[in-house]
Amino acid sequence: MGRRLLLCLLLVVSVKCRTIYVEDARPTEEEVSFMKRYGYLPEVAEGSTSLDFSYTPLSITEAVRRLQAFAGLTPSGVIDSDTKQLFKKKRCGVKDIITTSSRSRRYVTREAWTKKDITYRVLNGSRTLEKHRVEGQMAAALAVWAPHAGLTFTRLDSGKADIEVSFVTLDHGDGSPFDGPGQVVAHAFCPPLGDLHFDDDEVWSEYPADDEENEESTDFFAAAVHEIGHALGLAHSDVRESVMYPYYRARVQSLYEDDILGMRALYMKDQQAATSALTVQTENPMAPRFSLDPGVTDEEDVPDLCYTNFDTIQVLQGKIYVFEEEWMWVLSERKEIDPGYPKRFHDVFIGLPEHVDVVRTIYEKRNGNIVIFKDKQYWEFGPNFSLIKRGRLRDYRLPGRLRELTTVFLSNYNNKTYLIDSERFWRFNEDTWTMDKGYPKSMSAWRDLPYPVDSAIIWKGNTYFFRGPRFWRFDNAQIRAHPYYPLFTAQIWFPCQPTPDMERYTKNED
Ligand SMILES: [Zn+2]
Ligand SMILES: [Zn+2]
């Protein structure tokens, strides 16, 4: 492709004119080319990689200071160990700073799409991430930006799209070759080009590594959210919490104020930003995306709700959701399965990583968001089922050694969130985001209930607990299960006729 692409180059930092001469810590050739590449040192003769004589100690020191300031380090001008690490970190290949050849002039370029409906296309998968998984993660990553830009994103499977996503290696024809494993992991182009390139010499994964410093894998979602920022016209930010900070961080999953303000400046200058953001959110066509073939319920591998122990049951948006293996059912009322179900929950919860192969712990927050827990992590979805945030159990003020939660529910009795592991429960206040004092307590405090429980729900004002094939109704005032329980779940909640088979099954399943 012969087009000459210019990487998205914007933003300027101010430079204070103080001089510190550094004689002992002169940068290496690689460090000089790094500072040239990202705009901290002016370019010299094209193709030159050697330490050019035209760089005075002063210009080097100033470049180091700019680099440090942008990264949030103390701008000492001295290449200390923290600064050395910056040169080695995984990062985006887009320039941090652009200056024109005339040193007195600096441009702040702002480019935006001039239309509201943007198309995108994933051209290939990576060595480690199949194309359809990349598409799911892209949908989730675009949905993070969409409400703040007032844009809609439509996926194309063929033809030319506005934003094209590909995995490539080394020199791939756009004048900005990748560098093998590590360091540069991706780059992207401003509107009206908009393409996203990911370095296929990285090990791309669908979830952040447990250890942030773990260099093994690179989280595609985190990188995609950042690169989409470029494709929508944003430059790098020197705000460390910002998604547009140039160095890769797996844990930053939601936009920061700085990112949102950038989007609004580009796309929503003339609008009541908050109002239109809300409108776009609810009209977002990204999710839920139901792509299942209609005939799927005839497949033999779909479990029969009447003859299986489901993984969990929860009430979301006023409906009953049942999860079993990779499937989910939605019931509007007891015994009434909504048309089109079961579906695979991965086709509904867009952006949920593939390694989450069962849903055992899920609940609806007070703000309407839906949270799925697995092990020490959770994924939070907006009311439209698109991923907006990820986090860890300790974000809920839970002890770091806690391995997993079995059940989470929001009580209508006191508007508190109950977080349950196998034998203990915690009570959490979502308004103040604090744990109530005196917790955890033993599950034995809830008399006549078994534990561990599989799930707990609020349905038409009552609290129900589920375990195995049975369920209990809980009396919140008496703090004990209602005496007429347990009853059999399938016969009461699902459209199942009591049969001799079921009778035998449920009896054996205690
Ligand atoms: Zn970038
Ligand atoms: Zn490229």
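A brief structural summary. (Residues numbered from 1 in each chain as written. Chains lettered and ligands numbered in written order. Predicted model: local features only at pLDDT ≥ 70, side-chain atom pairs only at ≥ 80, totals over all residues. Heavy atoms only, no water.)

### Topic: the pattern of salt bridges
By the definition in use, this model includes 23 salt bridges. For Asp 311, the salt bridge identified is with Arg 360, shortest N-O distance 4.0 Å. Here the residue Asp 311 occupies a position in the loop between helix H7 (273–283) and strand S9 (312–316), and Arg 360 occupies one in the loop between strand S13 (343–344) and strand S14 (361–364), the gap between them amounting to 49 residues. Using a relative accessible area of 47% as the deciding quantity, one classes Arg 360 as partly exposed. For Arg 480, the salt bridge is made with Asp 448, and the minimal N-O distance between the two is 3.0 Å. You can see Arg 480 sitting in strand S26 (residues 480–481) and its partner Asp 448 sitting in the loop between strand S22 (441–442) and strand S23 (455–459), a full 32 residues away along the chain. Linked through salt bridges whose partners overlap, the residues forming this network are Arg 133, Glu 206 and Glu 354. (Salt bridge = Lys/Arg side-chain N within 4 Å of Asp/Glu carboxyl O. Helix = DSSP H or I, 4+ residues; strand = E, 2+ residues; numbered from the N terminus. Buried < 20%, exposed > 50% of the residue type's maximum accessible area, 1.4 Å probe, protein only.)

### With respect to the packing of helix H4 (residues 131–149) against helix H5 (residues 220–231)
To characterise two packed helices, one gives the angle between the axes of the helices and the distance between these axes. Two elements in contact, H4 and H5, have axes whose closest approach is 9 Å; the angle formed by their N-to-C orientations is 50°. Here H5 runs oblique to H4, going by the angle between their axes. The way H4 lies across H5 gives a crossing that is right-handed. Contacts from Val 134, Gln 137, Met 138, Ala 140, Ala 141, Leu 142, Val 144 and Trp 145 in H4 reach Phe 220, Phe 221, Ala 224, Val 225, Ile 228 and Gly 229 in H5. For the contact of H4 with H5, the per-class residue count stands at twelve nonpolar, two polar and no charged. (Axes fitted to C-alpha atoms, helices over the stretch in contact; angles between N-to-C directions. Parallel < 35°, antiparallel > 145°, perpendicular 65-115°, else oblique. Left-handed = near helix turned anticlockwise from the far one by under 90°. Contact = heavy atoms within 4.5 Å. Nonpolar A, V, L, I, M, F, W, Y, C, P; charged D, E, K, R; others polar.)

### A look at the sheet that holds strand S3 (residues 152–155)
Ordered in space as S1-S5-S6-S4-S2-S3, the six strands form an open sheet in which the pairing is mixed. Strand pairing shows two members of the sheet lacking a second neighbour, strand S1 (91–92) and S3, which therefore form its edges. As judged from the three bridges shared by strand S5 (residues 184–188) and strand S6 (residues 196–199), these two strands associate in the antiparallel manner. What sits directly across from Ala 186, in S6, is Phe 198. (Pairing = 2+ DSSP bridges.)

### So, the coordination of the zinc ion (ligand 2)
Taken together, His 172 (NE2), Asp 174 (OD), His 187 (NE2) and His 197 (ND1) make up the protein donors of the zinc ion (ligand 2), found 1.9 to 2.0 Å from the metal. Geometry at the zinc ion (ligand 2) is tetrahedral, judged from its four donor atoms and the angles of 93 to 119° they form at the metal. (Donors = N, O, S within 2.8 Å, 3.2 Å for Na, K, Ca; no water. Tetrahedral: all angles 85-135°; square planar, octahedral: opposite > 155°, others 65-115°.)

### A look at helix H2 (residues 57–71)
Owing to its 3.6 residues per turn, the α-helix brings residues three or four apart onto one side. Helix length check: H2 (15 residues) gives 21 Å between terminal C-alpha atoms against 21 Å at 1.5 Å per residue, within 8%. Across the 15 residues that make up H2, a large majority, twelve, are buried. For H2, every residue scored as buried is listed here: Ser 59, Ile 60, Thr 61, Glu 62, Ala 63, Val 64, Arg 65, Arg 66, Leu 67, Gln 68, Phe 70 and Ala 71. Buried residues in H2 make contact with helix H1 (29–37) and helix H3 (81–88). Phi turns positive one or two residues past the end of H2, at Gly 72, with a value near 90°. (Expected span 1.5 Å × (residues − 1).)

### Describing the coordination of the zinc ion (ligand 1)
Protein coordination of the zinc ion (ligand 1) is provided by Cys 92 (SG), His 226 (NE2), His 230 (NE2) and His 236 (NE2), with donor distances spanning 1.9 to 2.2 Å. Around the zinc ion (ligand 1), the four donor atoms are arranged such that angles at the metal cover 102 to 115°; this shape is classified as tetrahedral. Along the chain, the residues donating to the zinc ion (ligand 1) are arranged with the sequence spacing C-x133-H-x3-H-x5-H. Of this pair, Cys 92 sits in strand S1 while His 236 is found in the loop between H5 and helix H6 (257–267), placing the two residues 144 residues apart along the sequence. Of the two residues, Cys 92 and His 236, neither departs from the other in class, the shared state being buried.

### Side note on the sheet that holds S14
In spatial order, the strands read S14-S15-S16-S17; together these four strands make up an open sheet with antiparallel pairing. The open sheet has two edge strands, S14 and strand S17 (387–392), and neither has a second partner. Direction aside, neighbouring strands of the sheet carry axes that sit 20° apart on average. Relative to strand S16 (residues 377–381), strand S15 (residues 370–374) runs antiparallel, the two sharing five bridges. Bridged to Val 371 within S16 is Glu 380.

### Regarding H5
In this model, H5 (twelve residues) spans 16 Å end to end at C-alpha, consistent with the 16 Å of a helix rising 1.5 Å per residue. Summarising burial for H5: twelve of the twelve residues are buried, a large majority. Listed in full, the buried residues belonging to H5 are Phe 220, Phe 221, Ala 222, Ala 223, Ala 224, Val 225, His 226, Glu 227, Ile 228, Gly 229, His 230 and Ala 231. Phi turns positive one or two residues past the end of H5, at Gly 233, with a value near 115°.

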